[in-house]
Amino acid sequence: VVAFTEVIKIDPSNMEAYAGRAEAYKGLKQYEEAKADYTTVIEKADDMPYMQAQAYAGRAEVYDLTDDTTAAESDCSVAIELLDQEDVGKKENVAEKLIRELKIKVLQLHAEICMKLGLYDKAMDDYSRLTELGVDVSEEKEECLEKQSALDKKNNGELPDKTKIIDIINAARVENG
């Protein structure tokens, strides 16, 4: 953290230093500081989609570690969109291998998060894309199908009543102030 902070003092536009410090903070479990540095990279690296994707992925990991699963899913989705851009990494001279590795990492994280959130269709899409990239996720796909099937049986193939959902949300709002 100290070394990256010194680099930032010398060159406040050095996005690699912010990203490195964010990773260091994450390793030290200083999650608020990590999120702040990832956010700085996201905001300042608008012409660097690969760097932004890395920052979104890192911040998603921090959100996941701090149980903000919805924010983690959102950041993963943005990272995937960035990595799907045709010219991602070109301006930054990033090797295709590194782009592929980050895409695999983000798709795996996104699938795990979607499983936690019960977004089985999104998780299945991620697993399909991972399979296309040559990653064996057959066990994960099977688990996803089982959970989706169990949910379908529980709901008798129907979505829950909207009134019940609204009652649950209102009760949670009252409980949480």
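Refer to the structure printed above.
To keep things clear, this report deals only with the structure shown in the data block. Predicted, not measured: the structure shown is a model, and the values here were computed from it. Think of each chain on its own: its residues are numbered from 1, step by step along the sequence as written. Under the rules for a predicted model, residues below a pLDDT of 70 receive no local features and side-chain atom pairs below 80 are neither given nor counted, while totals for whole chains, interfaces and linings still include all residues. Water and hydrogen atoms were dropped before computing side-chain values, which therefore reflect all heavy atoms in the structure.

Some thoughts on helix α5 (residues 69-83)
Okay, so step 1: For α5, spanning 15 residues, the distance from its first C-alpha to its last is 21 Å, which sits close to the expected 21 Å at 1.5 Å a residue.
Okay, so step 2: Think of it in three bands: with a 1.4 Å probe and only protein chains considered, a residue is buried below 20% of the maximum accessible area for its type, exposed above 50%, and partly exposed in between. To qualify as a helix, a DSSP run of H or I must reach at least 4 residues; to qualify as a strand, a run of E must reach at least 2; elements of each kind are numbered from the N terminus. In terms of residue burial, α5 counts as a mostly covered element, since eleven of its 15 residues are buried.
Okay, so step 3: All buried positions along α5 are accounted for by T69, A71, A72, E73, D75, C76, S77, A79, I80, L82 and L83.
Okay, so step 4: Between two residues, a contact is recorded if the distance between any of their heavy atoms is within 4.5 Å. Along its buried surface, α5 packs onto α4 (49-65), α6 (96-117) and α7 (120-132). What a helix should span is 1.5 Å times the count of its residues minus one.

Observations concerning the packing of α7 against helix α8 (residues 138-154)
Okay, so step 1: Close contact between α7 and α8 brings their axes to 10 Å; oriented N to C, the two are set at 160°. Considered as vectors, α7 and α8 are oriented roughly antiparallel to each other. Where α7 crosses over α8, the handedness of that crossing is left-handed. Contacts between α7 and α8 involve Y120, D121, A123, M124, Y127, S128 and T131 on the former and, on the latter, E140, K141, C144, L145, K147, Q148 and L151.
Okay, so step 2: Within the contact of α7 with α8, the residues separate by chemical class into seven nonpolar, three polar and four charged. Each axis is a line fitted through C-alpha atoms, and for a helix only the stretch in contact is used; angles between axes span 0 to 180 degrees, taken between their N-to-C directions. Throughout, the term roughly parallel applies to angles under 35 degrees, roughly antiparallel to angles over 145, roughly perpendicular to angles from 65 to 115, and oblique to all others. Two helices that cross are described as forming a left-handed crossing if the nearer one is turned anticlockwise from the farther one by less than a right angle, and a right-handed crossing if clockwise. Residues were grouped as follows: Ala, Val, Leu, Ile, Met, Phe, Trp, Tyr, Cys and Pro as nonpolar; Asp, Glu, Lys and Arg as charged; and all remaining residues, including Gly, as polar.

As for the packing of helix α2 (residues 15-27) against helix α3 (residues 31-44)
For any two helices packed against each other, the geometry comes down to the angle between their axes and how far apart the axes lie.
Okay, so step 1: In contact at an axis separation of 8 Å, α2 and α3 are set at 155° when each is read in the N-to-C sense. As the angle between them shows, α2 and α3 are arranged roughly antiparallel. Every pair of crossing elements has a handedness; the one defined by α2 and α3 is left-handed. On α3, the residues touching M15, Y18, A19, R21, A22, E23, Y25 and K26 of α2 are Y31, E33, A34, D37, Y38, T40, V41 and K44.

Looking at unusual backbone geometry
Okay, so step 1: A positive phi angle, close to 65°, is found at K29, a residue other than glycine.
Okay, so step 2: Looking at where K29 falls in the secondary structure, it is placed in the loop between α2 and α3.
Okay, so step 3: In this structure, N93 is a non-glycine residue whose phi angle is positive, near 55°.
Okay, so step 4: Looking at the element boundaries, N93 is found in the loop between α5 and α6.
Okay, so step 5: Under the relative-accessibility criterion, N93 is labelled exposed at 71%.

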